[in-house]
Amino acid sequence: MNIIFIDNVIKKEDRIKLIDFFKSAKKQRQDNEFDNRTLNYDLIDDFEIKNIMNKFRWQLTFKVMKSYNEEMLYPQFLDLVEWNTGMKMDWHADNIYRDGSPNETPFRDYSAVAYLNDDYKGGITQFKNDLNEDILPKAGGAVVFPSDRFHNVSEVTSGTRYTMPIWWSKNERYLNL
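Attention in this report is confined to the structure presented alongside it. Every value quoted in this text rests on a predicted model; they were computed, and no experiment measured them.

Another aspect to go through is the sheet that holds strand 1 (residues 4–6). Read from one edge to the other, the open sheet built from six strands follows the order 1-9-5-12-3-2, with strand pairing classed as antiparallel. Sheet topology places strand 1 and strand 2 (38–40) at the edges, where each strand pairs with a single neighbour. Strand-to-strand twist in this sheet, taken as the mean axis angle between neighbours without regard to direction, amounts to 20°. As paired strands, strand 3 (residues 74–83) and strand 12 (residues 161–169) are joined by seven bridges and run antiparallel to one another. Directly across from Val81, in strand 12, lies its bridge partner Thr163.

Right, let's get into the sheet that holds strand 4 (residues 89–92). A sheet is described by the order of its strands in space; here four strands give the open sequence 4-10-7-8, paired in antiparallel fashion. Looking at strand neighbours, the two that pair on one side only are strand 4 and strand 8 (134–135), the edges of this open sheet. Of the strand pairs in this sheet, strand 7 (residues 125–127) and strand 10 (residues 151–153) are connected by three bridges, and their pairing is antiparallel. Within strand 10, the position partnered with Thr125 by the bridge is Val153.

Here the focus is the packing of aromatic side chains. For the coordinates displayed, the defined rule picks out seven aromatic pairs. Relative to Tyr162, the ring of Phe22 lies with its centre 5.7 Å away and its plane at 70°, an arrangement referred to as edge-to-face. Placement of Phe22 in helix 1 (residues 12–24) and of Tyr162 in strand 12 is noted, with a sequence separation of 140 residues between them. Each member of the pair Phe22 and Tyr162 is classed as buried. Seen from their ring centres, Phe77 and Trp167 are 5.9 Å apart, and the 45° between their planes marks the pair as tilted. Highlighted residues: Phe77 in strand 3 and Trp167 in strand 12, separated in sequence by 90 residues. For Trp167, a relative accessible area of 13% corresponds to the buried category. We note Arg108 situated over the ring of Trp167; from NZ or CZ to the ring centre the distance is 4.1 Å.

Here the focus is the pattern of salt bridges. Opposite charge on two side chains lets them pair, provided their charged atoms get close. This model, assessed by the stated rule, comprises five salt bridges. In this structure, Glu13 engages Lys11 in a salt bridge whose closest nitrogen and oxygen atoms are separated by 3.7 Å. Judged by relative accessible area, which is 44%, Lys11 ranks as partly exposed. Here Lys170 ties to Glu70 by a salt bridge, and the two come within 3.4 Å at their closest N and O atoms. Here the residue Lys170 occupies a position in the segment after strand 12, and Glu70 occupies one in the loop between helix 2 (47–67) and strand 3, the gap between them amounting to 100 residues. Assessed through its relative accessible area of 43%, Lys170 is described here as partly exposed.

About the criteria used
Residues numbered from 1 in each chain as written. Predicted model: local features only at pLDDT ≥ 70, side-chain atom pairs only at ≥ 80, totals over all residues. Heavy atoms only, no water. Pairing = 2+ DSSP bridges. Helix = DSSP H or I, 4+ residues; strand = E, 2+ residues; numbered from the N terminus. Axes fitted to C-alpha atoms, helices over the stretch in contact; angles between N-to-C directions. Phe/Tyr/Trp six-rings, centres within 6.5 Å; stacked < 30°, edge-to-face > 60°. Buried < 20%, exposed > 50% of the residue type's maximum accessible area, 1.4 Å probe, protein only. Lys NZ or Arg CZ within 6 Å of the ring centre and 35° of its normal. Salt bridge = Lys/Arg side-chain N within 4 Å of Asp/Glu carboxyl O.

Structural data, given as structure tokens:
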């Protein structure tokens, strides 16, 4: 299945509100890779921010369903992520390990990363395939791909990268409202 890029999935004024909110909010996730640099949609208590994220979630869901000819997809997880200078992410897939065995989220069928800004260097989403595709971040756009596609994020060499990743499942059981 193809990797697709969808332009203009989130308006500039909404991106600015999300970034400003992120900068002032207490970060939530405590682990090695995302320590203090994520905000999970479920834990955000600001109505305006939740509304922006929810609108994005459903508009993109229907675009992804149409692009991949899926009858229904269920949003599984949505958050905001900050990538400071020096940060990167190694090669991985969102539903399988490198050996092809299922990881802790085998129910994820599609993944996307929406770019909230582009005033940084590096932070390129790269895909392992015959073409070795690099997706250059474009503020307001989103890259969408099957969750079993191996990808990474190159090192952010200057500035701060803000993204809003989302995952979908074909299984209604994993719907996260």
